[in-house]
Amino acid sequence: SFKSCLICMDPSRFDKFQEKLMRLQLSRQVMQRECDKAVTGFWQTPDTCHLSSVATGRWGSGVMHGDPEVKVLVQWMAASECAREMDYHLAYEVKERKFIQRLREFSAQMIKDEVTVGQMWDACQDLADYDVKSGSLFESL
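1. Concerning the pairing of strand 2 (residues 85–88)
Okay, so step 1: Bridge analysis of strand 1 (residues 53–56) against strand 2 gives 4 bridges, and the strand direction is parallel. Bridge assignment links Ser53 to a residue of strand 2, and that residue is Glu85.
Okay, so step 2: You can see the chain leave strand 1, run along helix 3 (residues 68–81) and come back into strand 2, and the turn it takes is right-handed.

2. Re the packing of aromatic side chains
Okay, so step 1: Under the definition given, this model contains 4 aromatic pairs.
Okay, so step 2: Summarising the aromatic geometry, the rings of Tyr88 and Phe99 are spaced 6.3 Å apart at their centres and angled 45° between planes, so their arrangement reads as tilted. Of this pair, Tyr88 sits in strand 2 while Phe99 sits in helix 4 (residues 94–112), placing them 11 residues apart in sequence.
Okay, so step 3: Aromatic side chains Phe106 and Phe138 sit 4.4 Å apart centroid to centroid with 15° between the ring planes, which places their arrangement in the stacked category. Note that Phe106 is positioned in helix 4 and Phe138 in helix 6 (residues 137–140), a separation of 32 residues in sequence.
Okay, so step 4: One Lys or Arg, Arg58, reaches over the ring of Phe99 and ends 4.5 Å from the middle of that ring.
Okay, so step 5: Taking NZ or CZ as reference, Lys71 lies 5.4 Å from the ring centre of Trp59, over its face.

3. With respect to the layout of surface pockets
Okay, so step 1: A volume near 390 Å³ is recorded for the largest pocket.
Okay, so step 2: Lining the largest pocket are 19 residues, and of these Cys5, Ile7, Phe42, Val54 and Ala55 sit closest to its centre.
Okay, so step 3: For the lining of the largest pocket, the leading source of residues is strand 1, giving 4 residues.
Okay, so step 4: Residues belonging to the lining of the largest pocket are distributed by class as follows: 10 nonpolar, 8 polar and 1 charged.

4. Thoughts on the environment of Gln32
Okay, so step 1: Checked against the element boundaries, Gln32 lands in helix 2 (residues 28–42).
Okay, so step 2: Sequence spacing of Gln32 and Lys16 is 16 residues, and the spatial spacing of their C-alpha atoms is 21 Å.

5. Notes on unusual backbone geometry
Okay, so step 1: Even without being glycine, His65 reaches a positive phi, approximately 65°.
Okay, so step 2: Looking at the element boundaries, His65 is found in the loop between strand 1 and helix 3.
Okay, so step 3: The class for His65 is partly exposed, based on a relative accessible area of 23%.

6. Things to note about the nonpolar core
Okay, so step 1: Within the largest apolar cluster, 28 residues are counted, with the highest numbers of intra-cluster contacts made by Leu26 and Met31.
Okay, so step 2: Residue assignment for this core shows that the elements contributing at least two residues are helix 2, helix 3, helix 4, helix 5 (117–128) and helix 6.
Okay, so step 3: Tallying contributions element by element places helix 3 first for this core, with 7 residues.

7. Some details on the environment of Ser80
Okay, so step 1: Considering the arrangement of structural elements, one finds Ser80 in helix 3.
Okay, so step 2: Given a relative accessible area of 36%, Ser80 falls into the partly exposed group.
Okay, so step 3: In the structure, Ser80 is positioned 36 residues away from Thr116 in sequence and 9.0 Å away in space, judged by C-alpha atoms.

8. A look at the packing of helix 2 against helix 5
Okay, so step 1: The contact between helix 2 and helix 5 brings their axes to 10 Å, and the two run at 145°. Listed contacts from helix 5 to Arg28, Met31, Gln32 and Cys35 of helix 2 are Trp121, Cys124 and Gln125.

Rules of the game
Residues numbered from 1 in each chain as written. Predicted model: local features only at pLDDT ≥ 70, side-chain atom pairs only at ≥ 80, totals over all residues. Heavy atoms only, no water. Pairing = 2+ DSSP bridges. Helix = DSSP H or I, 4+ residues; strand = E, 2+ residues; numbered from the N terminus. Right-handed = clockwise from strand over helix to strand, strands pointing away. Phe/Tyr/Trp six-rings, centres within 6.5 Å; stacked < 30°, edge-to-face > 60°. Lys NZ or Arg CZ within 6 Å of the ring centre and 35° of its normal. 1 Å grid on protein atoms, 1.4 Å probe; cavity = no way out; pocket = protein on both sides within 12 Å on 5 of 7 lines; lining within 4 Å. Points joined across faces, edges and corners; volume = space filled by probe spheres on them. Nonpolar A, V, L, I, M, F, W, Y, C, P; charged D, E, K, R; others polar. Buried < 20%, exposed > 50% of the residue type's maximum accessible area, 1.4 Å probe, protein only. Core = buried A, V, L, I, M, F, W, Y, C linked by side-chain atoms within 4.5 Å. Axes fitted to C-alpha atoms, helices over the stretch in contact; angles between N-to-C directions. Contact = heavy atoms within 4.5 Å.

Here you go:
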């Protein structure tokens with residue numbers, strides 16, 4: 001049996017100058033595609049069932065221009081559906097500190113409120129019909 005397992009997934013690429021980029025990323029079609037990919041990668045097999053967590057990071061953000069908050073939610077929902085803990089890793093640079101803090105606060109609130117994957121999915125789909133005004137998905141949810 002494996003002690004660890006490396007999975008590579010290709011995220012969607014977005015045009016950073018595209019209008020309503022957040023709206024597109026939250027659309028049912030794009031969210032479903034990204035969640036399906038992540039679930040497939042995180043799914044437990046007989047060889048990996050003893051691995052309790054998934055170590056991941058900014059999959060799809062950066063050069064692919066995906067929104068980091070959308071991408072971390074996709075991965076979190078997928079890991080939860082696969083009954084895996086998620087260890088999210090970033091290069092701890094000054095520019096990442098605000099994101100890390102927002103993620104900690106957001107995840108603590110979602111856990112406290114016992115928000116399910118289905119509820120999170122529905123909330124993201126509701127936001128796809130609107131523009132996320134604050135620029136922060138976490139704040140909008």
